[in-house]
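Next come the chains, spelled out residue by residue.
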Amino acid sequence: MKYNKDNYQQVVDEITPKNKMLKNCIMAFIFGGAICVIGEFINDSFVSWLGITEDEASPMTSVVLVGISALLTGLGWYDKLGKIGGAGTVVPITGFANSVVSPALEFKREGYVLGTAANIFKLAGPVLLFGYLSSFVAGLLSMAFR
Amino acid sequence: MNYVMSFLIGGTICLIGQIVIDTFKKNNAYLLVALVVTGVILGYLGIYDKIVEIGHSGATVPLLGFGNSLAKGAMEEASSKGFMGALSGGIIKTAPGVAAALVFGYLVAVIFNPKGDK
Amino acid sequence: MKKIGKTYKIGGDVVIRDVYTIVGPKEGEGPLKDKFDMVITDDLWGEDSWEKCELKLQKTAVENLLNRNSLIRDNIDLIISGDLLNQITSSSFAARELEIPYIGVYGACSTMTLTMGLGALIIDGGFAENVVCVTSSHFCSAERQFRLPLEMGGQRHESAQWTVTGSAAVWLSNSGKGPKIKHVTFGKIVDLGVKDANNMGAAMAPAAYDSLNQHLQDTGINYDMIVTGDLGVIGKAIVNKMFNEDNNSIESKYDDCGTIIFDIEKQDVHAGGSGCGCSATVFGSFLYKKLLNNELKSLLFASTGALHSTTATLQGESIPGIAHCLGIEI
C-alpha cells in the first residue's frame, strides 16, 4: 500500500465532508439567544411581579432554567432541540443541566447509587472541578493583589 | 431593549461555542470547561460585569456567566474571610444552580425512563 | 483445504443454508424494509434495558432460524458469535439460553465474516457438520458504551455513522443446497493513524483495501459484486480511490452495507450505517437473496471492524482497522 501514517490523514481530510458550519452557527445563535431571552423573561418576572431584588433573582432564574432543562431531558426532548440548536443548547446553563440529568437518567438501569448517583457528574464533573479550581485561584489572586 | 440585547449577546456567545465545536471536533465537555474557566478569568479581570451590563441574561445564562459568578463569589468571600473565603466563595455563590441540577437530575431519573430514539 | 498466499481455499462444501435477520424500527423503514425476516417495533422490545433487548435479538434470530429449518439444538455442533459490547455479553448471554457449544469472538463490526470464516474452516476441517454464526448490534447500547448518553443534547458530526440495531444468524452446513463459501481471507490489522472516533469509515478503509486486495490477488477471481461491511460514504470513497490509483478500479461492482441499509439523506444518518448488525443484516436480507435468486453468481463479502475502545481512544491511541473476506459462489 502506498499510504502510510504520514500521508493518509491528507486523504481523509480531503474526502471527509465538513460540518455545515454556517447553518450550525445560525441555529446556535437563534437557539442560544432564545434561551437567554427566556432567562431574561423569568428574571424580569421575579423582579417586577414578585418584588425580588436583582441580586436574588439571578440565582433563582438559574434554578428555574435548570428545572425546565431537567424536565425536557426527562421527556427526551432536549436532545432533539440539541440536534438542531447545537451549541445554542450546550452553552447556556440549560446545557449544563442537561449534562447532569442525561447520565443520571441513562444509568438508572444500573441502580440509583452506583448507576445514577455515581455517574451524575460524569460530564459535568470536569466543569465543576475546573470552575471551582480556577475560582479558588481567582480568590487567592484577589487577596494577593488588591 | 433588554430582551434584544439578551438575544444578541447570548446568541453571539453560543455562536462562538458552535465555531469551537465544529473546528476542533472535541467532546463537548472540553467546550464547557473552556467556557467556565474563561468566565472565571473574565470575572476576575472585571470584564465580564461590563458584558452583563450590556447583555443582561444574554451574559448570565451562558456558562461564561457561571464562571463569572464563581470568580465574583471567591473574590468577595476572600476579601472578608481570607483563604477560607477564597476556597468556598465560588461554591457558595453557585450552589443553588448546582444543587438544583443534582436534585432535579435525581428526580428525573426516578420519574422518567431513558429514551433511545434520536 | 489448502492455503494460497494468505487465503484459505475451502476444499469441500460449506453451504450457507439459511440466514435469519431481525432489525430495529429505523432499519425497518430503510430501503431494505421488505427484505428482513422480522422488524421490531421499538428499541426495547419489551425488555427493561437496551442491552437485554440486544441479547433477545440474538437469541430470537437463532431460535427462529432453527425453527424455520425444523432443526433442533442437538443438530447444531457449534455456535460462534460476537457483538460490540464489553465482554461480548449479548453473545454469551444469548448462548447461555441456547445450550449449544459456544465460541465467543470479538471482531468489532467485522464479526459477521469473522464468525462465518471460522465456521467454514471448522466445517471444512471435518470438525463440525452444522455451525450457526451470529452477531448483533444495538444503536442505543453501542451509543452509550462508545459515545455519550442518548439524552445529552448535541449534534453528530458529518462523518459520524449510525449503529444498526439488528441481528443475523447464519446456518452453515457441510451438505445441502445454497451458496457456498469457497475462500476465506482473514485480514491483518492496518492502522494508518486515524484517531477520530467520529470517522470510523476512514479508520477502517485501509484495512478493507488491504484485505480485498490480498484476496483478489490470491484467488484471481473476477467477482460479480464486492461488498464491504460498514465503511459508510467516506470509507467507500477512500477504498474506491485506492483501487483506482492501482489502475484496478472496482467502482462498478463495489458497494458498502453502510450505504445500502439506510437512505442516507432521508434518514439523516450522516455517513451511513455501522455496527456488527450492519453487514450481518444486509448480507442476510439483501445479498444472500441475490445469491439464491441467481442474480449474483459470486460475491466477495468483507465485514470491516474498528478494534478500538473508549479507554484506548482517551489514551491517545489511533484506531486499528481490520477486514475479513469471504469468497462466496453459487
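Residues numbered from 1 in each chain as written. Chains lettered and ligands numbered in written order. Predicted model: local features only at pLDDT ≥ 70, side-chain atom pairs only at ≥ 80, totals over all residues.

**Describing the overall build of chain A**
The condition that has to hold: A helix here means a DSSP run of H or I that spans at least four residues, while a strand means a run of E at least two residues long, and both kinds are numbered starting from the N terminus. Every radius of gyration here is taken over C-alpha atoms, with the globule rule written as 2.2 Å times N^0.38, N being the number of residues. Exposed residues have 12 or fewer other C-beta atoms within 10 Å of their own C-beta, buried residues have 20 or more, and residues in between are partly exposed; the C-beta atoms are placed from the backbone. Contact between two residues is assigned whenever their backbone-derived C-beta positions fall within 7 Å.
Scanning chain A for helices and strands turns up eight helices and zero strands. Along chain A, helices and strands appear, N-terminal first, in the series α-α-α-α-α-α-α-α. The C-alpha atoms of chain A give 21 Å as radius of gyration, which overshoots the globular expectation for 146 residues (15 Å, by more than 25%). In chain A, buried positions account for 51% of the 146 residues. Excluding contacts between residues fewer than 6 apart, the proportion of contacts in chain A whose partners are at least 24 apart in sequence is 54%.

**Brief notes about the overall build of chain C**
A tally of regular secondary structure across chain C gives nine helices and 15 strands. Its C-alpha atoms give chain C a radius of gyration of 18 Å, within 12% of the compact-globule value 20 Å for 330 residues. Projecting the C-alpha coordinates of chain C onto the three principal axes gives extents of approximately 50 × 50 × 35 Å. Sorting the 330 residues of chain C into buried and exposed places 58% on the buried side. For chain C, the share of sequence-separated contacts (at least 6 apart) that also reach a separation of at least 24 residues comes to 79%.

**Here we look at the packing of helix α5 (residues 63-81) of chain B against helix α6 (residues 83-111) of chain B**
All names here are of chain B. Stated precisely, the cut-off is as follows: The convention used is that axes are lines fitted to C-alpha atoms, helices contributing only their stretch in contact, and that angles between N-to-C directions extend from 0 to 180 degrees. Angle categories: roughly parallel below 35 degrees, roughly antiparallel above 145, roughly perpendicular from 65 to 115, and oblique for all the rest. Left-handed describes a crossing in which the near helix is turned anticlockwise from the far one by less than a right angle; the clockwise case is right-handed. Each residue gets one of three labels, nonpolar for Ala, Val, Leu, Ile, Met, Phe, Trp, Tyr, Cys and Pro, charged for Asp, Glu, Lys and Arg, and polar for the others, Gly among them.
Two numbers describe how α5 lies on α6: the axes approach to 6 Å, and their chain directions differ by 140°. In terms of orientation, α5 lies oblique with respect to α6. Two packed elements cross with a definite hand, and for α5 against α6 that hand is right-handed. For the pair formed by α5 and α6, the contact residues are Phe66, Ser69, Leu70, Lys72, Gly73, Ala74, Met75, Glu76, Glu77, Ala78, Ser80 and Lys81 on the first element and Met84, Gly85, Ala86, Ser88, Gly89, Gly90, Ile92, Lys93, Thr94 and Gly97 on the second. Residues belonging to the contact of α5 with α6 are distributed by class as follows: eight nonpolar, nine polar and five charged.

**Digging into the pairing of strand β14 (residues 298-306) of chain C**
Two faces, one strand: in a regular strand the side chains alternate between the faces of the sheet. Residue and element names in this part refer to chain C. We count it as follows: A pair of strands is treated as paired once DSSP finds two or more bridges between them.
Of all nine residues that make up β14, eight are buried, and the element is covered over most of its length. In this structure, strand β11 (residues 225-228) lies alongside β14, joined through four bridges in parallel fashion. If you follow methionine 225 over to β14, its bridge partner there is leucine 299. As paired strands, β14 and strand β15 (residues 321-329) are joined by nine bridges and run antiparallel to one another. Paired with glycine 305 across the bridge in β15 is isoleucine 322.

**Concerning the interface of chain C and chain B**
Between chain C and chain B, the residue contacts involve ten residues of the former and six residues of the latter. Taken together, the residues of the side of chain C that touches chain B break down into four nonpolar, three polar and three charged.

**So, the confidence of the model for chain C**
Our working rule: For every residue, the predictor reports its confidence as pLDDT, a number between 0 and 100.
Averaged over every residue, the pLDDT of chain C is 96; the share at 70 or more is 100%. Prediction confidence for the complex, expressed as pTM and ipTM, is 0.95 and 0.94 respectively.

**Remarks on the interface of chain B and chain A**
At the interface, 67 residues of chain B touch 62 residues of chain A. Looking at the side of chain B that touches chain A, the elements with two or more residues in it are α1 (2-24), α2 (28-44), α4 (57-60), α5 and α6 of chain B. Broken down by element, the residue count for the side of chain B that touches chain A peaks at 18 residues, all from α6 of chain B.

**Observations concerning unusual backbone geometry**
Residue and element names in this part refer to chain C. In this structure, alanine 108 is a non-glycine residue whose phi angle is positive, near 50°. As for its placement among the helices and strands, alanine 108 is situated in the loop between β6 (102-104) and α3 (111-124). For aspartate 268, which is not glycine, the phi torsion reads 55° and is therefore positive. Within the element layout of this structure, aspartate 268 appears in the loop between α7 (257-260) and β13 (273-274). The class for aspartate 268 is partly exposed, based on 13 C-beta atoms found within 10 Å.

**A closer look at helix α3 (residues 54-75) of chain A**
Under the convention used in this document: Here the expected span of a helix is defined as 1.5 Å times the quantity of residues minus one.
In this model, α3 of chain A (22 residues) spans 32 Å end to end at C-alpha, consistent with the 32 Å of a helix rising 1.5 Å per residue. Every buried residue of α3 of chain A is listed here: Ser58, Thr61, Ser62, Leu65, Val66, Ser69, Ala70, Leu72, Thr73 and Gly74 of chain A. Turning to α3 of chain A, the residues buried within the fold contact α2 (21-50), α4 (78-85) and α6 (93-106) of chain A together with α4 and α6 of chain B. With its phi angle positive at about 80°, glycine 76 of chain A sits one or two positions after the end of α3 of chain A.

**Some thoughts on α3 of chain C**
All names here are of chain C. The first and last C-alpha atoms of α3 sit 20 Å apart over 14 residues, in line with the 20 Å expected at 1.5 Å per residue. Burial analysis of α3 places twelve of its 14 residues in the buried class, the great majority of the element. Every buried residue belonging to α3 is among Thr111, Met112, Thr113, Leu114, Thr115, Met116, Gly117, Leu118, Gly119, Ala120, Ile123 and Asp124, and all of these are buried. Phi for glycine 126, located one or two positions after α3, is positive at around 85°.

**Focus: the nonpolar core**
Selection rule: By our criterion, buried Ala, Val, Leu, Ile, Met, Phe, Trp, Tyr and Cys residues that link up through C-beta atoms within 7 Å make up a nonpolar core.
By size, the foremost hydrophobic cluster in this structure holds 111 residues, and its most contacted members are Val132, Val170, Leu172, Ala208 and Leu299 of chain C. Apart from the residues lying within four places of it in its own chain, the contact partners of alanine 208 of chain C are Thr228, Leu231, Gly235, Val239, Ala302, Thr304 and Ala323 of chain C. Counting residues in each nonpolar core, the second largest holds 68 residues, with Cys25 and Val66 of chain A together with Val33 and Leu70 of chain B among its members.

**A word on the pairing of strand β7 (residues 130-137) of chain C**
All names here are of chain C. Burial analysis of β7 places eight of its eight residues in the buried class, which makes it a mostly covered element. Burial of β7 is two-sided: the residues Asn130, Val132, Val134 and Ser136 facing one way and the residues Val131, Cys133, Thr135 and Ser137 facing the other way are all buried. Looking at chain direction, β7 and strand β9 (residues 166-173) are connected through eight bridges and run antiparallel. When the bridges of β9 are listed, cysteine 133 appears paired with valine 170.

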